[in-house]
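Here's the letter readout for the chains.
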Amino acid sequence: QVQLVESGGGLVQSGGSLRLSCVASGIDLNIRNMGWYLQAPGKEREPVAFAGRDGSGEYVDIAKGRFIISRANAKNSVSVNLQMHNLQPEDTAVYFCLADAWITLRGWRDFWGQGTQVTVSS
């Protein structure tokens, strides 16, 4: 199994910055993509940014030019950080970490973090 622990959410004023962190841990960890989704009140969960094994990032339009994702790989843990700049009230949401991990005899499976609240005041 894979455990995800998120941190770094909070309250920030419009134009401010926040850094979200997520650490995945497990034995013989094999994670393909790892990144972040957000879920705004009353809306569906949607992707924000992902990092591949080599740390290369992919971003949806709302994140391009404002957010930077980074990844660090170790034997039994993988961490991703999402540095968010120029935050706006519409970025207010619960942010969830997602890891796409290989589980022996089960194949690739998605694992979710518990979510961390980001609130941007105007």
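First, a word on scope: everything that follows refers to the structure included in this document. (Residues numbered from 1 in each chain as written. Predicted model: local features only at pLDDT ≥ 70, side-chain atom pairs only at ≥ 80, totals over all residues. Heavy atoms only, no water.)

Attention shifts here to the overall build of the protein chain. If you tally the helices and strands in the protein chain, you get zero helices and eleven strands. Going residue by residue from the N terminus, the α and β elements of the protein chain occur as β-β-β-β-β-β-β-β-β-β-β. Taking 122 residues into account, the globule formula puts the C-alpha radius of gyration at 14 Å, and the protein chain, at 14 Å, falls close to it. A principal-axis box enclosing the C-alpha atoms of the protein chain has dimensions of 50 × 30 × 20 Å. Taking contacts inside the protein chain between residues at least 6 apart in sequence as the whole, the part at least 24 apart equals 55%. Roughly 6,500 Å² of accessible area belongs to the protein chain as shown, and the carbon and sulfur atoms make up 50% of that amount. Treating the 11 positive side-chain charges of the protein chain as one cloud and the 11 negative ones as another, the clouds have centres 6 Å apart. (Helix = DSSP H or I, 4+ residues; strand = E, 2+ residues; numbered from the N terminus. Rg over C-alpha atoms; globule rule 2.2 N^0.38 Å. Contact = heavy atoms within 4.5 Å. Areas by Shrake-Rupley, 256 points an atom, 1.4 Å probe, with all protein chains shown as cover. Lys, Arg positive; Asp, Glu negative; His and termini not counted. Charge placed at Lys NZ, Arg CZ, Asp CG, Glu CD.)

In this structure, Leu4, Met34, Trp36, Val48, Leu82, Met84 and Tyr95 are the most contacted members of the largest nonpolar core, which totals 33 residues. Those elements giving two or more residues to this core turn out to be β3 (18-25), β4 (31-39), β5 (46-51), β7 (67-73), β8 (77-84), β9 (93-103) and β11 (116-121). Apart from residues lying up to four places away in sequence, Leu82 is in contact with Leu18, Arg19, Leu20, Trp36, Val48, Ala49, Phe67, Ile68 and Ile69. (Core = buried A, V, L, I, M, F, W, Y, C linked by side-chain atoms within 4.5 Å. Buried < 20%, exposed > 50% of the residue type's maximum accessible area, 1.4 Å probe, protein only.)

Any functional reading would require information beyond the geometric quantities listed.
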